[in-house]
Amino acid sequence: MLGKKIHILRNYRALSQEALAEKVGVSKMAISRYENELDIPSSGVLVRIIRALETSLDYLLSEEPQISLEFRKRNSCTQKTVAHLESHIRFEINKIVTLRKLFPDGRFKEYSLKVIRIQSLEEVEEAANKLRKYLGMGEEPVSNLVELLEDNGIVVLFLDLPKKCDGIFGKADDTAFIVISNSIPADRQRFTIAHELGHMVLEIKEGLKVEDVCNHFAGAFLINRDHFLKEIGIHRGSFSLIELKWLKRIYSVSMASIVERAKNLGIIDNTTYVEWQKIRSAQGWRVKEPVELPKEVSTILERNVLEAFIERYVTTSQAATLLDISVDTFINKYLVGEEKVIA
Amino acid sequence: MNLILDTSCWISLFRGGLLRKLLNSKHKFLITDWMAEAEIITQGLRSFIDLNGIEKISTESKDYINEVKRIRKKTKEKASLQDCHGVYCAKVYSYLLVSNDFDILGELAEEEGIECRDLLWLLDQMLDDENIITTKEYIDAIDNILIDTRFGQLRKLLIQKKTDLGNRKKKGD
């Protein structure tokens, strides 16, 4: 396991065996032997490997949970990128899964969303409403999507994903998770989270375009039909920019998603939709829309670590390691500063 | 005596401003290379270790990683790998383990047949046996150490110790 991880990380850092050997101060043969599990590095050499690969002892020596990943990747996403990404995600997910094992059974709500079968695109609307009902939501817009999912046993992580990848979902042991790119705007992040949620809960009939169904689902989940109709009416010939900005703030989705939803619900006709697309391109809104929404954040790791710390499930140094900060920073932030966790 | 301190203990001594005093001690202080180099320790502590030649110990045996992992498993993953490496070294080299997380590592040390003491034992040694710190320095150190000590036995013991030392000071002892 240690050798395999060294191998994966060396590739991730784009280092040859020779380059790593030079950084660590051992022979190329030694690196090869470590990677092939024919030898193990001494504790001192291991420290230098950790430094050279910019990783942590915990990651290199941890047992990895069984993680299944489903990528929403574009065709141009290379195998190498996928391998790097997997390694990064496994590292982050591993932290939460390992941490949660220290808590008493039943402390965290397990993922329990039931699969909804989709035979046609028309059924997506009902599926979104069904899920909303199951999650105890009404027609109102989702104010905090990350919190909603985390309360229902889905871990949401924001990571630096390659440009070619917006979102990923998967399962690690019993923990369901969605990983979202840090670098995309807040509205796209929310839409992607809802899209990945669609991948998780929908069982889509063969022949239907899975990505289209999940996009449709994301729109229906984030913008409830009845609520939307009350806001903008049953038929519209056009929208003003002010109204689109206002709707964007209400639903926390992009203006493009709002117009798309209006088209899908038959509120606007195809001519209006095409006209909107032209304006969108001409104004440069495909790249950047007016109104920047605040990004949602995931605090799950921080909250879990602090709870584990207070309950003495982890030591100070272990808590700092999990949060990827020094003990000094941990103490100054949580034990001395304004956010101190001990009264 | 050769003493190997856990990470938290090193940090407490650093926060308590007592690191320099250690250099006057009759004891030899050791730190594992995992503890010394790890990102988790503070920059100030790392500089002190480097500048003052606190001896770093390394392990090379074929099964040391499995042994450290086994030890950690016994703490139900509550202790860091660095601290478990310290426990492993204490066992292999027959060093005395000094731990701040006595309720996790102390119990483990006992199971592993390692002699283990807590931070108060070390501070008492420095005050009473070696006279390398004063009562005031001890009390001040406790104040600083308490900042990062959670609820639990050690916190109670430190507070009690501070009261005892205060009374002792009043009596002019």
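Located above this text is the structure these notes cover.
All chains use their own residue numbering, which begins from 1 and follows the written sequence. Numbering of ligands from 1 and lettering of chains from A proceed in the order in which they are written. For this predicted model, a pLDDT threshold of at least 70 governs which residues receive local features, and a threshold of 80 or more governs which side-chain atom pairs are given and counted, while totals over whole chains, interfaces and linings are taken from all residues. Side-chain numbers here rest on the full set of heavy atoms in the structure, without hydrogens or water.

Here a helix means four or more residues in a row that DSSP labels H or I, a strand means two or more in a row labelled E, and each is numbered from the N terminus. The number of helices and strands found in chain B is 10 helices and 5 strands. A simple rule labels every residue: compare its accessible area, found with a 1.4 Å probe on the protein chains alone, to the largest value its type can have, and call it buried under 20%, exposed over 50%, or partly exposed in between. Scored against the burial criterion, the 173 residues of chain B give a buried share of 56%. Note on contacts: a residue pair qualifies if any of its non-hydrogen atoms lie within 4.5 Å across the two residues. A fraction of 64% describes how many contacts in chain B between residues 6 or more apart in sequence connect residues 24 or more apart. Using the Shrake-Rupley algorithm and a 1.4 Å probe, accessible areas are obtained, with residue cover drawn only from the displayed protein chains. Of the roughly 7600 Å² of accessible surface on chain B, a fraction of 47% belongs to carbon and sulfur atoms.

Turning next to the overall build of chain A. Counting secondary structure elements, chain A contains 17 helices and 6 strands. The buried share of chain A, reckoned over its 343 residues, is 54%. Pairs at least 24 apart in sequence give 64% of the contacts found in chain A among residues at least 6 apart. For chain A, the accessible area works out to roughly 16500 Å², and carbon and sulfur atoms hold 48% of it.

With that settled, the discussion passes to helix α4 (residues 43–53) of chain A. In an α-helix, one turn spans 3.6 residues, which is why side chains three or four residues apart end up on the same side. Here α4 of chain A lies mainly inside the structure; 9 of its 11 residues are buried. Considered for burial, the residues of α4 of chain A that qualify are Ser43, Gly44, Val45, Leu46, Val47, Ile49, Ile50, Ala52 and Leu53 of chain A.

Another point: the interface of chain A and chain B. Size of an interface, as often reported, equals the accessible area lost when the parts are brought together. Of the residues lining the interface, 32 residues belong to chain A; the matching set on chain B comes to 37 residues. In short, buried area is how much 1.4 Å probe accessible area vanishes from two parts on joining, totalled over both. In total, chain A and chain B occlude about 3200 Å² of area from one another, counting both sides; carbon and sulfur atoms represent 57% of this. Three residues, Ser43, Leu61 and Arg312 of chain A, lead the burial of chain A against chain B; their summed loss comes to 20% of the area buried on that side. Note on definitions: salt bridges are taken to be side-chain nitrogens of Lys or Arg within 4 Å of carboxyl oxygens of Asp or Glu. For the pair chain A and chain B, the number of links is 1 salt bridge. In this structure, aspartate 39 of chain A and lysine 62 of chain B form a salt bridge, with 2.8 Å as the shortest nitrogen-oxygen distance. Within 3.5 Å is the distance limit for a polar contact, defined as a pair of N or O atoms, with the added protein rule that one can donate a hydrogen and the other accept it, and that residues adjacent in sequence qualify only through two side-chain atoms. Where chain A packs against chain B, one counts 11 residue pairs in polar contact (both at pLDDT 80 or more).

Attention shifts here to the packing of aromatic side chains. By convention here, two paired aromatic rings are described through the distance between centres and the angle between planes. Any two rings among Phe, Tyr and Trp, with Trp reduced to its six-membered ring, count as a pair given centres within 6.5 Å; such a pair is stacked if its planes are under 30 degrees apart, edge-to-face if over 60, and tilted if neither. Applying the stated criterion across every chain yields a total of 9 aromatic pairs over all chains. Relative to tyrosine 313 of chain A, the ring of phenylalanine 103 of chain A has its centre 5.0 Å away and its plane inclined at 70°; by these criteria the two rings are edge-to-face. One end of the pair, phenylalanine 103 of chain A, is in the loop between α6 (79–100) and β2 (116–118); the other, tyrosine 313 of chain A, is in the loop between α15 (300–310) and α16 (316–322), with 210 residues separating them in the sequence. For tyrosine 313 of chain A, a relative accessible area of 16% translates into the label buried. Consider the rings of tryptophan 34 of chain B and tyrosine 64 of chain B, whose centres lie 5.9 Å apart with planes at 55°: the pair is tilted. With a gap of 30 residues between them, tryptophan 34 of chain B in helix α3 (residues 33–37) and tyrosine 64 of chain B in helix α5 (residues 64–74) connect regions that are remote in the sequence. One residue, arginine 100 of chain A, lies across the ring of phenylalanine 108 of chain A, its end atom 4.1 Å from the ring centre. Here, over-ring charges are defined by two tests on the NZ atom of lysine or the CZ atom of arginine: distance to the ring centre within 6 Å, and angle to the ring normal within 35 degrees.

With that settled, consider the packing of helix α9 (residues 135–146) of chain B against helix α10 (residues 153–170) of chain B. Residues and elements named next belong to chain B. Here, axes are lines fitted to C-alpha atoms. For helices the fit covers the stretch in contact, and angles between N-to-C directions go from 0 to 180 degrees. Packing of α9 against α10 leaves a shortest axis separation of 10 Å and a crossing angle of 155°. Taken together, the axis directions place α9 and α10 in an arrangement best described as roughly antiparallel. Classified by chirality, the crossing of α10 by α9 is left-handed. Residues Thr135, Lys136, Tyr138, Ile139, Ile142, Asp143, Ile145 and Leu146 of α9 touch α10, and the partners they reach there are Arg155, Leu158, Ile159, Lys161, Lys162, Leu165, Gly166 and Lys169. Side-chain classes follow a simple rule in which Ala, Val, Leu, Ile, Met, Phe, Trp, Tyr, Cys and Pro form the nonpolar group, Asp, Glu, Lys and Arg form the charged group, and the remainder, Gly included, forms the polar group. Class assignment for the residues of the contact of α9 with α10 results in 8 nonpolar, 2 polar and 6 charged. When an angle is under 35 degrees it counts as roughly parallel; over 145 it counts as roughly antiparallel; between 65 and 115 it counts as roughly perpendicular; any other value is oblique. Rotating anticlockwise by less than a right angle from the far helix to the near helix defines a left-handed crossing, while the corresponding clockwise rotation defines a right-handed one.

A few words now on helix α3 (residues 28–35) of chain A. All names here are of chain A. Restricting attention to buried positions, one finds in α3 the residues Ala30, Ile31, Ser32, Tyr34 and Glu35. Those residues of α3 that are buried lie in contact with α1 (2–12), α2 (17–24) and α4. Directly after α3, the chain includes glutamate 37, whose backbone phi takes a positive value near 60°.

What follows concerns the pairing of strand β4 (residues 96–99) of chain B. Residues and elements named next belong to chain B. With burial as the criterion, each face of β4 is covered, one bearing Leu96 and Val98 and the other bearing Leu97 and Ser99. Two strands qualify as a pair provided DSSP detects at least 2 bridges between them. As judged from the 3 bridges shared by strand β1 (residues 2–5) and β4, these two strands associate in the parallel manner. Following the sheet pairing, leucine 3 is matched in β4 by leucine 96. Relative to strand β5 (residues 116–118), β4 runs parallel, the two sharing 3 bridges. The residue bridging valine 98 from the neighbouring strand is arginine 117, located in β5. Each parallel crossover has a hand, and the one from β4 via helix α7 (residues 102–112) to β5 is right-handed. When the strands point away from the viewer and the connection leading from the first strand across the helix to the second strand turns clockwise, the crossover is called right-handed.

The subject of this paragraph is the pattern of salt bridges. Residue and element names in this part refer to chain B. One pass over the full model with this rule turns up 26 salt bridges over all chains. When the shortest N-O distance is used, the salt bridge between lysine 28 and glutamate 55 registers 2.8 Å. With a gap of 27 residues between them, lysine 28 in strand β2 (residues 28–32) and glutamate 55 in strand β3 (residues 55–57) connect regions that are remote in the sequence. Its relative accessible area of 38% is what places lysine 28 among the partly exposed residues. Notably, a salt bridge pairs lysine 161 with aspartate 124, separated by 2.9 Å at the nearest N-O pair.

Any functional reading would require information beyond the geometric quantities listed.
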